[in-house]
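Observations on chain architecture
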Amino acid sequence: DGRGEASEEQNMIVIHVCDENRGINRDFSCRKDVLLSEMAYFRSYLNGSESCDDIDISVHCDIQIFQWLIKYLNEPDAPPPLDTGNVISILISSQFLKMARLVELCLQFVCRNVDDIL
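Residues numbered from 1 in each chain as written. Predicted model: local features only at pLDDT ≥ 70, side-chain atom pairs only at ≥ 80, totals over all residues. Heavy atoms only, no water.

1. Some remarks on the packing of aromatic side chains
The geometry of an aromatic ring pair comes down to the distance between the two centres and the angle between the two planes. Enumeration according to the criterion identifies four aromatic pairs in this entry. Through a chain of ring-to-ring contacts, three or more aromatic side chains come together here, namely Tyr 41, Phe 42 and Phe 96. (Phe/Tyr/Trp six-rings, centres within 6.5 Å; stacked < 30°, edge-to-face > 60°.)

2. Thoughts on helix 4 (residues 63-74)
Since the α-helix advances by 3.6 residues per turn, residues separated by three or four positions end up pointing in the same direction. Taking 1.5 Å of rise per residue, the twelve residues of helix 4 would be expected to cover 16 Å, and the 16 Å separating its terminal C-alpha atoms lies within 8% of that figure. Those residues of helix 4 lying buried are Ile 63, Ile 65, Phe 66, Trp 68, Leu 69, Ile 70, Tyr 72 and Leu 73. Elements in contact with the buried residues of helix 4: strand 1 (12-19), strand 2 (24-31), helix 2 (32-38), strand 3 (57-60), helix 5 (87-96) and helix 6 (100-117). (Helix = DSSP H or I, 4+ residues; strand = E, 2+ residues; numbered from the N terminus. Expected span 1.5 Å × (residues − 1). Buried < 20%, exposed > 50% of the residue type's maximum accessible area, 1.4 Å probe, protein only. Contact = heavy atoms within 4.5 Å.)

3. Remarks on the pattern of salt bridges
All chains considered together, the criterion is met by four salt bridges. Notably, a salt bridge pairs Asp 33 with Arg 31, separated by 2.7 Å at the nearest N-O pair. Residue classification places Arg 31 among the partly exposed positions, given a relative accessible area of 34%. Measuring nitrogen to oxygen at the nearest pair gives 3.1 Å for the salt bridge that ties Glu 38 to Arg 101. In this pair, Glu 38 is assigned in helix 2 and Arg 101 in helix 6, connecting sequence segments 63 residues apart. Through salt bridges that share partners, Asp 19, Arg 22 and Asp 62 make up one connected network. (Salt bridge = Lys/Arg side-chain N within 4 Å of Asp/Glu carboxyl O.)

Everything listed here is a matter of coordinates, which is why it stays silent on function.
Below is the structure:
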């Protein structure tokens, strides 16, 4: 009946990402409930707000790293792979955004691959 799509669209949060090193701005979308459960950093901004339209979130981050994080959130059954080239940046960003499960995954990856990372 289409109502599911409308309510899902209303529950989407747009995050404006500014990558100052590349001089790029890009918008990413994520469901509000996913942000609240997976990125604890945003809870103080999102919990009191009923309408997603009232929320304006801007983040200063590497676009490629934030894109990886959003893919990780939006596709939990097929998350993007960690590799020795991205794990430290993802670890730092996930720690800042309070993504406890991802921080743990990154730390485990670093422990298993420390020789290749250093």
